[in-house]
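Now for the letters of each chain:
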Amino acid sequence: MNKIAETIKYYPLTTLLVVVIWVICLIPIPETPLSHVSLIDKWTHVVMYLMLCSIVWFEYLRRHQPIVWRQALITACAAPLVMGGLIEIAQATCTGGRRSGDWLDFVADGLGVIVGQVIGILLVKCFSKH
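Since the structure is predicted, the reported quantities are computational estimates derived from the model, not experimental observations.

Conventions we followed
Residues numbered from 1 in each chain as written. Predicted model: local features only at pLDDT ≥ 70, side-chain atom pairs only at ≥ 80, totals over all residues. Heavy atoms only, no water. Core = buried A, V, L, I, M, F, W, Y, C linked by side-chain atoms within 4.5 Å. Buried < 20%, exposed > 50% of the residue type's maximum accessible area, 1.4 Å probe, protein only. Helix = DSSP H or I, 4+ residues; strand = E, 2+ residues; numbered from the N terminus. Contact = heavy atoms within 4.5 Å. Lys, Arg positive; Asp, Glu negative; His and termini not counted. Salt bridge = Lys/Arg side-chain N within 4 Å of Asp/Glu carboxyl O. Polar contact = N/O pair within 3.5 Å; in protein donor to acceptor, adjacent residues only side chain to side chain. Patch = residues over 30% accessible without salt bridge, like charges linked within 9 Å, V, L, I, M, F, W, Y side chains within 5 Å. Areas by Shrake-Rupley, 256 points an atom, 1.4 Å probe, with all protein chains shown as cover. pLDDT = per-residue confidence, 0-100. Phe/Tyr/Trp six-rings, centres within 6.5 Å; stacked < 30°, edge-to-face > 60°.

Regarding the nonpolar core
Ile 21, Tyr 49, Leu 52, Ile 67, Met 83 and Ile 87 are the most contacted members of the largest nonpolar core, which totals 19 residues. Elements represented by at least two residues in this core include exactly helix H2 (12-26), helix H3 (40-63), helix H4 (69-94) and helix H5 (103-127). Per-element tally for this core: the top contributor is H3, with eight residues. Ignoring sequence-local partners within four residues, the contact set of Tyr 49 consists of Ile 21, Pro 80, Met 83, Gly 84, Ile 87, Asp 109, Gly 112 and Val 113.

Below, the structure written as structure tokens:
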């Protein structure tokens, strides 16, 4: 339990965004005018994971000097990818058909993670003290 409290304390924006992404991905989405935009769902996934990775990097950089690259990459790259896969599995199996797991959404998550990594590493290069 201390590890969870510590994570929330040191990564509050990341924690908030993770919760928001899980909620958004598991609730039924109402029909909106944007529903008719081509690939809007995929773009949403790219933006969510780009933001998540960028915020993870920002909070990691704020908290850790010097950067421990292995830990940073696991935190900012591997963890969001695993979360994206788990969300797609949860959508396919736990939403009673209201949401469907889509592996193309997972690919979009991965694209967002890649772009987020680039932004995050640029943040490190610009603002790191070492």
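And the narrative resumes.
Looking at the side chain of Arg 99
Among the structural elements, Arg 99 can be located in the loop between H4 and H5. Of the side chains with opposite charge, Asp 41 lies nearest to the buried Arg 99, which makes no salt bridge, at 5.0 Å. At 3.3 Å, the side chain of Arg 99 forms a polar contact with the backbone oxygen of Cys 25. If we ignore the near neighbours within four places in the chain, the residues touching Arg 99 are Ile 24, Cys 25, Leu 26, Ile 27, Pro 28, Ile 29 and Gln 91.

Comments concerning the side chain of Asp 105
You can see Asp 105 is positioned in helix H5. Overall, Asp 105 belongs to the buried group, its relative accessible area being 3%. For Asp 105, the side chain forms a polar contact with the side chain of His 45, separated by 3.4 Å. Once you skip the residues sitting within four places of it in the chain, Asp 105 turns out to touch Asp 41, Lys 42, His 45, Glu 88 and Gln 91.

Observations regarding the environment of Phe 106
Mapped onto the secondary structure, Phe 106 falls in helix H5. Between the C-alpha atom of Phe 106 and that of Leu 86, which follows or precedes it by 20 residues, the distance is 9.4 Å. For Phe 106, the residues in contact, after removing those within four places along its chain, are Leu 81, Gly 84, Gly 85 and Glu 88.

Comments concerning a nonpolar patch on the surface
On the surface, Leu 16, Val 19, Val 20, Val 23, Ile 24, Ile 27 and Ile 29 cluster together into a nonpolar patch covering about 570 Å² of accessible area. Counting through the fold element by element, Leu 16 comes out in helix H2.

Notes on the confidence of the model for the chain
Residues of the chain with pLDDT of at least 70 account for 98%, and the chain-wide mean is 89. Considering each helix and strand of the chain separately, the mean pLDDT is smallest for helix H1 (residues 2-10), with a value of 87, and largest for H2, with 95.

Structural notes on the packing of aromatic side chains
How two aromatic rings sit relative to each other is given by the distance of their centres and the angle of their planes. Evaluation of the coordinates by the stated rule reveals three aromatic pairs. Each ring, one from Trp 57 and one from Trp 69, has its centre 5.8 Å from the other, and the planes form 50°; the classification is tilted. You can see Trp 57 sitting in helix H3 and its partner Trp 69 sitting in helix H4, a full 12 residues away along the chain. Plain terms: the ring middles of Trp 103 and Phe 106 are 5.6 Å apart, the flat faces sit at 85° to each other, and that makes the pair edge-to-face. Of this pair, Trp 103 and Phe 106 both sit in helix H5, three residues apart, which is roughly one turn of the helix. Taken together, Trp 57, Tyr 60 and Trp 69 form an aromatic cluster joined through their ring pairs.

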